[in-house]
Structure formats: structure tokens, C-alpha cells
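A look at the structure
So the chains spell out like this:
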Amino acid sequence: MALTENPRDVPPYSALIPLLYWGSIWGFFAKIFPTAIPSISDERKLIPLTTLVVAAGMTAGSVLWNYVARLSNNTFCIILITLMHFTAIILSILIFPKDAATEILDVETAATYIEPHTAYVIVISALVGLADSCVSIIYYTVAGKVYEEGTSLGFSINNFGFCVVYIISMFLPSLFDLHAYCYLMLGAVLVMCLAITVGLKKYL
């Protein structure tokens, strides 16, 4: 889609809004996810396996999403990955005990909405890896158009903003249980979707 004649109509700080998404998602995977997995499985290899699955998903997604975007458009891709994230987050709520991130729980002793299975953990990892690769491709393409000649400074600000949000997300699990944090993630993903597809639509 071609840029409009007045690209500066969208304030540059609009590109900072999606950082809430990254802070919440990777805060979850860096701190909450590895802590919660032992509450549903005693397989030690499962935690490093999820890391490999996320990495594989991101690698495959970096190729896949370019083809999907050519067949449709970036707006469709963002909506699709939003649904993928929603699926992964809701599945996390269903299989993990709500106190799994804040307390040491014995395997299968706490109540869950559905019976946990290691396959669900792999599915969550794969969905997040695939979806996040799409966000990265589209977001950094859009951000480059927003900042234009000030791209270097813009990305520096973005990197600082990401670090701040990420650090904050490291402390949130101590304030919320796992399910509450997942609800926060749902909100962050929705905000990211709206910020890109509506607020930054002219740059897609």
C-alpha cells in the first residue's frame, strides 16, 4: 500500500504502543511459562524444548508470513496472529493452575480447567513463535516508515521503551496470579492489533 502525501499525520510515538505487547508476551515466556510448566509435568526436557519450538516457529514464520501477506495483506496477517495469540493465551489459562507462577506446586495437584498435557505446551510455544515473527516483520517495517529519516533515533527510543516494559513485566507475576496476567496479555495483544491496523493503518 502506498504512503499518503502527509505521512506525519500519525504521531511518531504511536509506534511505541505495540511495545506493551512485546513486554507482556516475553515477560510471560521468560519468567511465568518456565515456572508454570513443572506444575503440570515433571519432564525436565520440556522447558528447553519449548524454547526450541518458539525459535523454530519464529524461523518458519519469517518465511511463511511473507507469502501470506502477498496472498492477502498486512491487516489480515495482524488479525490472524491476534487470533493465534488469543488461542495460546486462553489455552494457558485452561491448562495451568492460577497459582503456578507464584507458588511451587506438585505435579497435577492443583485444579485446572482442562486436563493438562505436554502437547498443549508445545502448541502454545509454536503459536507464539509463529505469531511473534509476523508482528516483528510488520512492526519494524511500519516503524521505519513512521520515523523516516529519523529511523535511527526512533529505533533507539523503541529499544529503550521495550526494555522498560520488559523490566516491568518481570515484576508483574508477583502482583498477579497466572490467570490474571494472561488476561493482561489478552489486552496487550488487542491493543497491539488496534494500534497497527487502525492507528498505523496508512503505513501497512
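Quantities reported herein were computed from a predicted structural model and do not represent experimental measurements. (Residues numbered from 1 in each chain as written. Predicted model: local features only at pLDDT ≥ 70, side-chain atom pairs only at ≥ 80, totals over all residues. Heavy atoms only, no water.)

**Some remarks on the overall build of the protein chain**
The test is simple: Where helices and strands are cited, they refer to DSSP runs of H or I of at least four residues and of E of at least two residues respectively, numbered from the N terminus. Type-normalised accessible area, obtained with a 1.4 Å probe on protein chains alone, sets the label of each residue: buried when under 20%, exposed when over 50%, and partly exposed for intermediate values. The contact criterion used is simple: two residues touch if any of their non-hydrogen atoms lie within 4.5 Å. Computed with the Shrake-Rupley method and a 1.4 Å probe, the accessible areas treat only the protein chains shown as cover for residues.
If you tally the helices and strands in the protein chain, you get 6 helices and 0 strands. Moving toward the C terminus, one meets the helices and strands of the protein chain in the order α-α-α-α-α-α. For the protein chain, with 204 residues in total, the buried portion stands at 44%. Long-range pairs, those at least 24 residues apart, make up 84% of the contacts in the protein chain with a sequence separation of at least 6. Here the protein chain displays about 10400 Å² of accessible surface, and carbon together with sulfur accounts for 67% of that area.

**A closer look at helix α2 (residues 46-71)**
Worth spelling out the cut-off: Each helix should span, by expectation, one fewer than its residue count multiplied by 1.5 Å. Fitting axes to the seven residues that end at a residue and to the seven that start at it, the angle between those axes gives the bend at that residue.
Under the 1.5 Å per step criterion, the end-to-end length of α2 is 36 Å for 26 residues, consistent within 8% with the ideal 38 Å. At Gly61, α2 shows its maximal bend, which comes to roughly 35°. Listed as buried for α2 are Leu46, Thr50, Val53, Val54, Gly57, Gly61, Trp65 and Val68. Buried residues along α2 sit against α1 (19-36), α3 (74-95) and α4 (118-147).

**Thoughts on the packing of α1 against α4**
How two helices sit against one another is set out by the angle between their axes and by the gap between those axes. Here is the rule we go by: Axis definition: a line fitted to C-alpha atoms, limited for helices to the stretch in contact. Angles are taken between N-to-C directions and run from 0 to 180 degrees. Any angle that is under 35 degrees is reported as roughly parallel, and any over 145 degrees as roughly antiparallel; angles of 65 to 115 degrees are reported as roughly perpendicular and all others as oblique. In a left-handed crossing the near helix is turned counterclockwise from the far helix by less than a right angle, and in a right-handed crossing that turn is clockwise. The nonpolar class holds Ala, Val, Leu, Ile, Met, Phe, Trp, Tyr, Cys and Pro. Asp, Glu, Lys and Arg form the charged class, and all remaining residues, Gly among them, are polar.
At their nearest, the axes of α1 and α4 sit 12 Å apart, and the two run at 150° to each other. Here α1 is positioned roughly antiparallel relative to α4, judged by the angle of their axes. Regarding α1 and α4, the two cross each other, and that crossing is left-handed. Facing α1, whose interface residues are Leu19, Tyr21, Trp22, Ile25, Trp26, Phe29 and Phe33, α4 presents Val121, Ile124, Ser125, Val128, Asp132, Val135, Ser136, Tyr139 and Tyr140. Split into classes, the residues belonging to the contact of α1 with α4 amount to 13 nonpolar, 2 polar and 1 charged.

**Looking at a nonpolar patch on the surface**
Here is the rule: Exposure above 30% relative accessible area and no salt bridge define the residues that can form patches, which grow by joining like charges within 9 Å and nonpolar side chains of Val, Leu, Ile, Met, Phe, Trp and Tyr within 5 Å. Criterion for a salt bridge: a side-chain nitrogen of Lys or Arg within 4 Å of a carboxyl oxygen of Asp or Glu.
A surface patch of nonpolar side chains, about 220 Å² in accessible area, is lined by Ile17, Leu20 and Val191. Since its relative accessible area comes to 46%, Leu20 is described here as partly exposed.

**Examining the side chain of Ser125**
Within the fold, Ser125 resides in helix α4. Not counting residues up to four positions away in its chain, the partners in contact with Ser125 are Phe29, Phe33, Thr50, Val53 and Val54.

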